[in-house]
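Listed below are the residues making up each chain.
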Amino acid sequence: AQKVTQAQTEISVVEKEDVTLDCVYETRDTTYYLFWYKQPPSGELVFLIRRNSFDEQNEISGRYSWNFQKSTSSFNFTITASQVVDSAVYFCALTSPKSRDSNYQLIWGAGTKLIIKP
Amino acid sequence: DAGITQSPRYKITETGRQVTLMCHQTWSHSYMFWYRQDLGHGLRLIYYSAAADITDKGEVPDGYVVSRSKTENFPLTLESATRSQTSVYFCASKKGQGRDNEKLFFGSGTQLSVL
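Residues numbered from 1 in each chain as written. Chains lettered and ligands numbered in written order. Predicted model: local features only at pLDDT ≥ 70, side-chain atom pairs only at ≥ 80, totals over all residues. Heavy atoms only, no water.

The next point concerns the environment of T5(A). All names here are of chain A. With respect to the helices and strands, the residue T5 is situated in strand β1 (residues 3-5). Take T5: its relative accessible area is 31%, and that puts it in the partly exposed class. Remark: the alpha-carbon pair of T5 and T78, spanning 73 residues in sequence, is separated by 16 Å. Leaving out residues up to four positions away in the same chain, T5 has contacts with D22, C23 and V24. (Helix = DSSP H or I, 4+ residues; strand = E, 2+ residues; numbered from the N terminus. Buried < 20%, exposed > 50% of the residue type's maximum accessible area, 1.4 Å probe, protein only. Contact = heavy atoms within 4.5 Å.)

Attention shifts here to the interface of chain B and chain A. Counting residues at the interface gives 21 residues for chain B, matched by 20 residues for chain A. Taken together, the two surfaces of chain B and chain A that pack against each other cover about 1,700 Å², and 53% of this comes from carbon and sulfur. Counting across the interface, chain B meets chain A through zero salt bridges. Put simply, chain B and chain A have five residue pairs in polar contact (both at pLDDT 80 or more) between them. Looking at the side of chain B that touches chain A, the elements with two or more residues in it are β4 (31-38), β5 (42-51) and β9 (87-94) of chain B. Tallying contributions element by element places β5(B) first for the side of chain B that touches chain A, with four residues. Taken together, the residues of the side of chain B that touches chain A break down into eight nonpolar, six polar and seven charged. (Buried area = accessible area lost by both parts, 1.4 Å probe. Salt bridge = Lys/Arg side-chain N within 4 Å of Asp/Glu carboxyl O. Polar contact = N/O pair within 3.5 Å; in protein donor to acceptor, adjacent residues only side chain to side chain. Nonpolar A, V, L, I, M, F, W, Y, C, P; charged D, E, K, R; others polar.)

This part covers the layout of surface pockets. For the largest pocket, the calculated volume is near 660 Å³. Along its surface, the largest pocket is lined by 29 residues, and Q39(A), V89(A), F91(A), Q37(B) and L39(B) are the ones closest to its centre. When contributions to the lining of the largest pocket are tallied by element, the ones reaching two or more residues are β10 (88-95) and β12 (112-117) of chain A together with β4 and β9 of chain B. With four residues, β12(A) is the single largest residue contributor to the lining of the largest pocket. Taken together, the residues of the lining of the largest pocket break down into twelve nonpolar, 14 polar and three charged. (1 Å grid on protein atoms, 1.4 Å probe; cavity = no way out; pocket = protein on both sides within 12 Å on 5 of 7 lines; lining within 4 Å. Points joined across faces, edges and corners; volume = space filled by probe spheres on them.)

Residue and element names in this part refer to chain A. Taken as a whole, this structure holds two disulfides over all chains when the rule is applied. There is a disulfide in this structure between C23 and C92, and the S-S distance comes to 1.9 Å. On the S-S bond that ties C23 to C92, the torsion sits near -65 degrees, and the link is left-handed. Taken together, the residues span a long stretch of sequence, with C23 in the loop between β3 (19-21) and β4 (24-26) and C92 in strand β10 at a distance of 69 residues. Classification of C92 by relative accessible area gives buried; the value is 0%. (Disulfide = S-S within 2.5 Å.)

Residues and elements named next belong to chain B. Spatially, four strands are ordered β1-β3-β8-β7 in an open sheet, and the strand pairing comes out antiparallel. Where the open sheet ends on each side, the last strands, each with one partner, are β1 (4-7) and β7 (64-66). The sheet shows a mean angle of 15 degrees between the axes of neighbouring strands, direction not considered. Relative to strand β8 (residues 76-78), β7 is paired through three bridges, and the arrangement is antiparallel. Following the sheet pairing, V65 is matched in β8 by T77. (Pairing = 2+ DSSP bridges. Axes fitted to C-alpha atoms, helices over the stretch in contact; angles between N-to-C directions.)

With that settled, consider the confidence of the model for chain A. Here chain A averages 90 in pLDDT, and 93% of its residues register 70 or above. Element-level mean pLDDT values for chain A span from 86 in strand β7 (residues 59-61) of chain A up to 98 in β3(A). (pLDDT = per-residue confidence, 0-100.)

What follows concerns the packing of aromatic side chains. Counted by the stated rule, this structure contains 23 aromatic pairs over all chains. Summarising the aromatic geometry, the rings of Y25(A) and F68(A) are spaced 6.3 Å apart at their centres and angled 45 degrees between planes, so their arrangement reads as tilted. Of this pair, Y25(A) sits in strand β4 while F68(A) sits in strand β8 (residues 64-69), and the two are 43 residues apart along the sequence. Under the relative-accessibility criterion, F68(A) is labelled buried at 2%. Seen from their ring centres, F91(A) and W108(A) are 6.0 Å apart, and the 85 degrees between their planes marks the pair as edge-to-face. Pair noted here: F91(A) is in strand β10 and W108(A) is in strand β11 (residues 107-108), with a separation of 17 residues, a long-range link. As far as burial versus exposure is concerned, F91(A) and W108(A) are alike and both buried. The rings of F35(A), Y37(A), F47(A), F91(A), W108(A), Y31(B), F33(B), Y35(B), Y48(B), F90(B) and F106(B) are connected pair by pair, giving a single aromatic cluster. In this arrangement the basic side chain of R9(B) is found over the ring face of Y10(B), its NZ or CZ atom lying 5.5 Å from the centre. Positioned above the aromatic ring of Y31(B), the side-chain terminus of K94(B) is 4.8 Å from the ring centre. (Phe/Tyr/Trp six-rings, centres within 6.5 Å; stacked < 30°, edge-to-face > 60°. Lys NZ or Arg CZ within 6 Å of the ring centre and 35° of its normal.)

Set out below in structure tokens:
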């Protein structure tokens, strides 16, 4: 069975601190995609990144960076120099396009609530 | 660039009433989904559709009905609303399967309260 674990329920940091959100996944498929979504207080879910299982290169987008490590089945998300606007719930998700078990659907983590204090 | 829209944004109803939540997308995406979001449960899939006239159950389908007569619309009906169906409902769509098609686009959500 596939599973996504976000062990950190809530993280609170002071503005300008760096913060890392953990995501650990389980799958037996060799082809899969990992995602991060952001849900700000307004409620809408916003796509941040997609990473496929064959690409272990880390990615940086401005203050955001993602560390994908197949050896530890992790896909962690780091925000550098955090800002109040980064306050949101962040979800990690997994899908295996060829997996019958997953019904081709996204498996979601429970989310991590990030609070950035001014 | 309308994207994916849900209506209503907020809905209050009574136990036993039928309620329909609407979802419309303008991209002609093949796949559409209904999720519910509750504290402590994250996002749970209710129903999904791979194409017009093709629907399938997700993780928590009981008490819900869907239809997809047209590609762009995917309404969700609560046949006889119960208090346990009080939740925030999200509609989503994606283009297809594999690589760049796997990205999900979400509506703004419908906050449903069943009294």
